[in-house]
Amino acid sequence: MKVGDLVELSRKGEDTLWCRKFRGMFGIIVEIVERQSTYDAQTRVNYYTVMFTGKKSTRSQTRIPRCYLKFI
């Protein structure tokens, strides 16, 4: 994934409680940040900042892991 890609929540993302406000919305990736994993000091993890839009509102969310997103 790269900046500008259109995404929506994956099945794992939809099952996560803190992502419930983004269900049924589409988003565009606006930033990618690589950070150290909390579980393994030698592993780097990409987190995505996504601007979501839907029928009722527009929201921005930072630090979404890749496994919570899928391409449209």
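Engineer: Would you take a moment to explain the overall build of the protein for this structure?
Structural biologist: What the protein contains, in helices and strands, is one helix and five strands. The order of helices and strands in the protein, counted from the N terminus, is β-α-β-β-β-β. The principal-axis extent of the C-alpha atoms belonging to the protein is close to 40 × 25 × 20 Å. Counting every position in the protein, which comprises 72 residues, the buried fraction comes to 31%. Look at the contacts in the protein between residues 6 or more apart in sequence, and 46% of them connect residues 24 or more apart. Measuring between centres, the 14 positive side-chain charges of the protein sit 7 Å from its 7 negative side-chain charges.

Engineer: Could you clarify how one ought to interpret the side chain of Ser10 in this entry?
Structural biologist: By the element assignment, Ser10 lies in the loop between β1 (6–9) and α1 (11–15). In this structure Ser10 comes out as buried when scored by relative accessible area, which is 11%. Contacts of Ser10, omitting those with residues within four sequence positions, involve Cys67, Tyr68, Leu69 and Lys70.

Engineer: Just checking my understanding: could you explain the pairing of strand β4 (residues 58–65) for this structure?
Structural biologist: Across a regular strand the side chains alternate sides, sitting on one face of the sheet and then on the other. Pairing of strand β3 (residues 44–53) with β4, which is carried by six bridges, proceeds in the antiparallel orientation. Residue pairing for β4: Tyr47 is matched across the bridge by Pro65. Hairpin geometry of β3 and β4 is characterised by an intervening segment of four residues between the two adjacent antiparallel strands.

Engineer: Mind showing me how you'd approach the packing of aromatic side chains here?
Structural biologist: Going through the model one piece at a time under the given rule, you end up with two aromatic pairs. Ring centres 5.9 Å apart and planes at 45 degrees place the aromatic pair Trp18 and Tyr68 in the tilted group. With Trp18 in the loop between α1 and β2 (26–36) and Tyr68 in the loop between β4 and β5 (69–71), this pair connects stretches of sequence that are 50 residues apart. Here Arg63 stacks its cationic end above the ring of Tyr47, 4.4 Å away from the centre of that ring.

Engineer: Would you take a moment to explain the nonpolar core for this structure?
Structural biologist: Side chains of nonpolar character tend, in soluble globular proteins, to be buried together. Val7, Leu9, Cys19, Phe22, Met25, Ile29, Tyr48, Val50, Phe52, Ile64, Tyr68 and Leu69 together form the largest nonpolar core, which totals twelve residues. Within the residue set of this core, elements represented by two or more residues are β1 and β3. Sort the elements by how many residues they give to this core and β3 lands first, with three residues. When residues no more than four places from it in sequence are discounted, the contact partners of Cys19 are Leu9, Gly13 and Tyr68.

Calculation rules
- Residues numbered from 1 in each chain as written.
- Predicted model: local features only at pLDDT ≥ 70, side-chain atom pairs only at ≥ 80, totals over all residues.
- Heavy atoms only, no water.
- Helix = DSSP H or I, 4+ residues; strand = E, 2+ residues; numbered from the N terminus.
- Buried < 20%, exposed > 50% of the residue type's maximum accessible area, 1.4 Å probe, protein only.
- Contact = heavy atoms within 4.5 Å.
- Lys, Arg positive; Asp, Glu negative; His and termini not counted.
- Charge placed at Lys NZ, Arg CZ, Asp CG, Glu CD.
- Pairing = 2+ DSSP bridges.
- Phe/Tyr/Trp six-rings, centres within 6.5 Å; stacked < 30°, edge-to-face > 60°.
- Lys NZ or Arg CZ within 6 Å of the ring centre and 35° of its normal.
- Core = buried A, V, L, I, M, F, W, Y, C linked by side-chain atoms within 4.5 Å.

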